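One letter stands for each residue in the lines below.
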Amino acid sequence: STLREILPLHKLALILTIMEATIPFRGQDETGKSPLDRLFHRLTRISEKYDLPELNEDARIDIVQRAADLSNRNLGNFASDDHAFFLDHTWSLLPERSAALRRSYLYTVEDLCLATKDMEDFLSNLDLNVVFLSFRGLPTAEEIDKYHELTATNLRKGCAYMRAKLLSVAVISAFATLTGGDAPMSFFMGDLPSLNHQSDRLGETFPKFEFKDLNGCDEDVYDLLNEGRYLDQSFDTRNAPLGAYLYGILGDKGVIAALDKCEFPMTELSSRALLKFLSIDTVTLIGNDIAQIAVSREEPIRELLQQLQ
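Draft legend 1. Expanded view of the pattern of salt bridges. Tallied over the full model, the rule gives 16 salt bridges. The salt bridge involving Arg97 is made with Asp118; its shortest N-O contact spans 2.7 Å. Placement of Arg97 in helix α6 (residues 94-97) and of Asp118 in helix α7 (residues 109-125) is noted, with a sequence separation of 21 residues between them. When its relative accessible area of 43% is taken as the criterion, Arg97 is described as partly exposed. Salt-bridge contacts for Lys117 lead to Glu120; the nearest nitrogen and oxygen are separated by 3.8 Å. With Lys117 and Glu120 both in helix α7 and 3 residues apart, this pair spans about one turn of that helix. The class of Glu120 is buried, set by a relative accessible area of 8%.

Structure follows, in structure tokens:
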């Protein structure tokens, strides 16, 4: 049987209207109509075409307002005052945008680099006005303003977090590119921990900083990198020791300047430019740690460090 045989047409229209509203991040069209304005117009046409008295104007307004509510709940993490919760949800979406990351133990450094760059680009360019929707006064203008304020904070902190993560992967990619080429991330970082297996992980012995000693960093971002998000992901651990270390010594402006030396995927030219941008002490610390994990690359890594002196 079909849904049409189970539900009356006006109920199907209600369900489809609310489902359609959950398609996220759509702005106004060339005439200035919002996604919900357009949705109301289509629902009106359906009501007229199929002569559905149940879908009178009041009912249609109620349906679209309910659709707005579900859409906003669906993206509620953007307006969370818990920044770790927002980043947990955002970071967990990477495998949806990158098929390679669904292979938890096989994805390469370049795979993670490109996926992180894609997410950083998305967050950096996201328009606040397309996240939360309102129709005919619901939610109210005051509520939407509050959502926008919280979303702006989460996007600012989220972008800083993503840039620090991206830089950490770009540094690993630079070492990989200059010492033999791309390889699985675990080859350079160490295996992901599991109940039955623990191995050395890159950055576990890196210096940790007191936030009061840092300049140009966001405390929430540093804590998330250093202490970790709430949840491990199948492709990543909660904390990011290399990202925390780089963010701690460079700050927001330094991370952005370092990323300006990069291109994705990394080339030999951009790899050398990035490593030369960082202090030799920083590059040596990271290179020595990678050499202890990627043992078959130890000799070329030592040679590279000598060249960079």
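What follows picks up the thread again.
Draft legend 2. Structural context of a negative patch on the surface. A cluster of acidic residues, Glu142, Glu143, Asp145 and Glu149, forms a negative patch at the surface. Mapped onto the elements, Glu149 comes out in helix α8 (residues 141-178). Accessibility expressed as a relative area gives 47% for Glu149, which makes it partly exposed.

Draft legend 3. Geometry of the packing of aromatic side chains. Enumeration according to the criterion identifies 10 aromatic pairs in this entry. Relative to Phe86, the ring of Phe78 has its centre 5.2 Å away and its plane inclined at 65 degrees; by these criteria the two rings are edge-to-face. Geometrically, the ring pair formed by Phe187 and Phe188 is edge-to-face, given 5.0 Å between the ring centres and 90 degrees between the ring planes. A cation sits over an aromatic face here: Arg97 above Phe122, 5.0 Å from the ring centre. Taking the ring centre of Phe40 as reference, the NZ or CZ of Arg136 above it sits at 4.7 Å.

Draft legend 4. Representation of the packing of helix α13 (residues 280-293) against helix α14 (residues 298-308) in the model. Packing of α13 against α14 brings their axes to within 9 Å, and their N-to-C directions diverge by 170 degrees. Here α14 runs roughly antiparallel to α13, going by the angle between their axes. Only Glu298, Ile301, Arg302, Leu305 and Leu308 of α14 make contact with α13, whose side of the interface consists of Ile280, Val283, Thr284, Gly287, Asn288, Ile290 and Ala291. Across the contact of α13 with α14, the residue classes tally to 7 nonpolar, 3 polar and 2 charged.

Reading the values: the criteria
- Residues numbered from 1 in each chain as written.
- Predicted model: local features only at pLDDT ≥ 70, side-chain atom pairs only at ≥ 80, totals over all residues.
- Heavy atoms only, no water.
- Salt bridge = Lys/Arg side-chain N within 4 Å of Asp/Glu carboxyl O.
- Helix = DSSP H or I, 4+ residues; strand = E, 2+ residues; numbered from the N terminus.
- Buried < 20%, exposed > 50% of the residue type's maximum accessible area, 1.4 Å probe, protein only.
- Patch = residues over 30% accessible without salt bridge, like charges linked within 9 Å, V, L, I, M, F, W, Y side chains within 5 Å.
- Areas by Shrake-Rupley, 256 points an atom, 1.4 Å probe, with all protein chains shown as cover.
- Lys, Arg positive; Asp, Glu negative; His and termini not counted.
- Charge placed at Lys NZ, Arg CZ, Asp CG, Glu CD.
- Phe/Tyr/Trp six-rings, centres within 6.5 Å; stacked < 30°, edge-to-face > 60°.
- Lys NZ or Arg CZ within 6 Å of the ring centre and 35° of its normal.
- Axes fitted to C-alpha atoms, helices over the stretch in contact; angles between N-to-C directions.
- Parallel < 35°, antiparallel > 145°, perpendicular 65-115°, else oblique.
- Contact = heavy atoms within 4.5 Å.
- Nonpolar A, V, L, I, M, F, W, Y, C, P; charged D, E, K, R; others polar.

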